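Observations on chain architecture
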Amino acid sequence: MSEGGFEKFRSLPGLIQKYYVRYEETGEVGGVYLWETGEALQAYLDGPIVKRLPERYELRADPKIEIVDIQYALRS
């Protein structure tokens, strides 16, 4: 990813961390995001980055989005 791409995510309000992931078996790529609040997450989901995903990556289906709550953290 270009430095500009990183900056786009660094500037998102409420985003604590993004991990870029790739599934070796399928070659699929994705991200794991940690958000300060549910409101910050929802603003991202409703925003331009997510809306442009199908066009940008020529997706044939909607992106798979899973939302989970953190129950415990190893380190604080």
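With an unreviewed UniProt entry as reference, the chain is termed Putative mono-oxygenase ydhR, source organism Brevibacillus centrosporus.

1. What to know about the environment of Tyr20
Structurally, Tyr20 can be placed in strand 1 (residues 15–22). Residue classification places Tyr20 among the partly exposed positions, given a relative accessible area of 38%. A C-alpha to C-alpha distance of 6.1 Å links Tyr20 and Gly30, two positions 10 residues apart in sequence.

2. Quick word on the nonpolar core
Formed by Phe9, Leu12, Leu15, Trp35, Ala40, Leu41, Tyr44, Leu45, Ile49 and Val50, the largest nonpolar core amounts to 10 residues. The element best represented in this core is helix 2 (residues 38–45), accounting for four residues. Each residue touching Ala40, except ones within four places of it in the same chain, is listed here: Pro13, Gly14 and Trp35.

3. Structural notes on the layout of surface pockets
Empty space within the largest pocket amounts to approximately 1,500 Å³. As for the largest pocket, its lining consists of 40 residues, of which Gly30, Gly31, Val32, Tyr33 and Lys64 are closest to the centre. Every element with two or more residues in the lining of the largest pocket is listed here: helix 1 (3–10), strand 1, strand 2 (29–35), helix 2 and helix 3 (48–56). A per-element tally of the lining of the largest pocket places strand 2 first, with seven residues.

4. Comments concerning the packing of aromatic side chains
Inspection of the entire model under this criterion finds seven aromatic pairs. When the ring of Phe9 is compared with that of Tyr33, the centres are 6.1 Å apart and the planes differ by 50°; the resulting orientation is tilted. Taken together, the residues span a long stretch of sequence, with Phe9 in helix 1 and Tyr33 in strand 2 at a distance of 24 residues. Classification of Tyr33 as partly exposed rests on a relative accessible area of 25%.

5. Considerations on a nonpolar patch on the surface
A cluster of nonpolar side chains, Tyr19, Val21, Tyr23 and Val32, forms an exposed patch at the surface whose accessible area comes to about 360 Å². Within the fold, Tyr19 resides in strand 1. On the basis of relative accessibility, which here comes to 43%, the residue Tyr19 falls in the partly exposed class.

6. Quick look at the environment of Asp46
With respect to the helices and strands, Asp46 occurs in the loop between helix 2 and helix 3. Sequence separation between Asp46 and Ala61 is 15 residues, and the spatial gap between their C-alpha atoms is 18 Å.

Definitions and cut-offs
Residues numbered from 1 in each chain as written. Predicted model: local features only at pLDDT ≥ 70, side-chain atom pairs only at ≥ 80, totals over all residues. Heavy atoms only, no water. Helix = DSSP H or I, 4+ residues; strand = E, 2+ residues; numbered from the N terminus. Buried < 20%, exposed > 50% of the residue type's maximum accessible area, 1.4 Å probe, protein only. Core = buried A, V, L, I, M, F, W, Y, C linked by side-chain atoms within 4.5 Å. Contact = heavy atoms within 4.5 Å. 1 Å grid on protein atoms, 1.4 Å probe; cavity = no way out; pocket = protein on both sides within 12 Å on 5 of 7 lines; lining within 4 Å. Points joined across faces, edges and corners; volume = space filled by probe spheres on them. Phe/Tyr/Trp six-rings, centres within 6.5 Å; stacked < 30°, edge-to-face > 60°. Patch = residues over 30% accessible without salt bridge, like charges linked within 9 Å, V, L, I, M, F, W, Y side chains within 5 Å. Areas by Shrake-Rupley, 256 points an atom, 1.4 Å probe, with all protein chains shown as cover. Salt bridge = Lys/Arg side-chain N within 4 Å of Asp/Glu carboxyl O.

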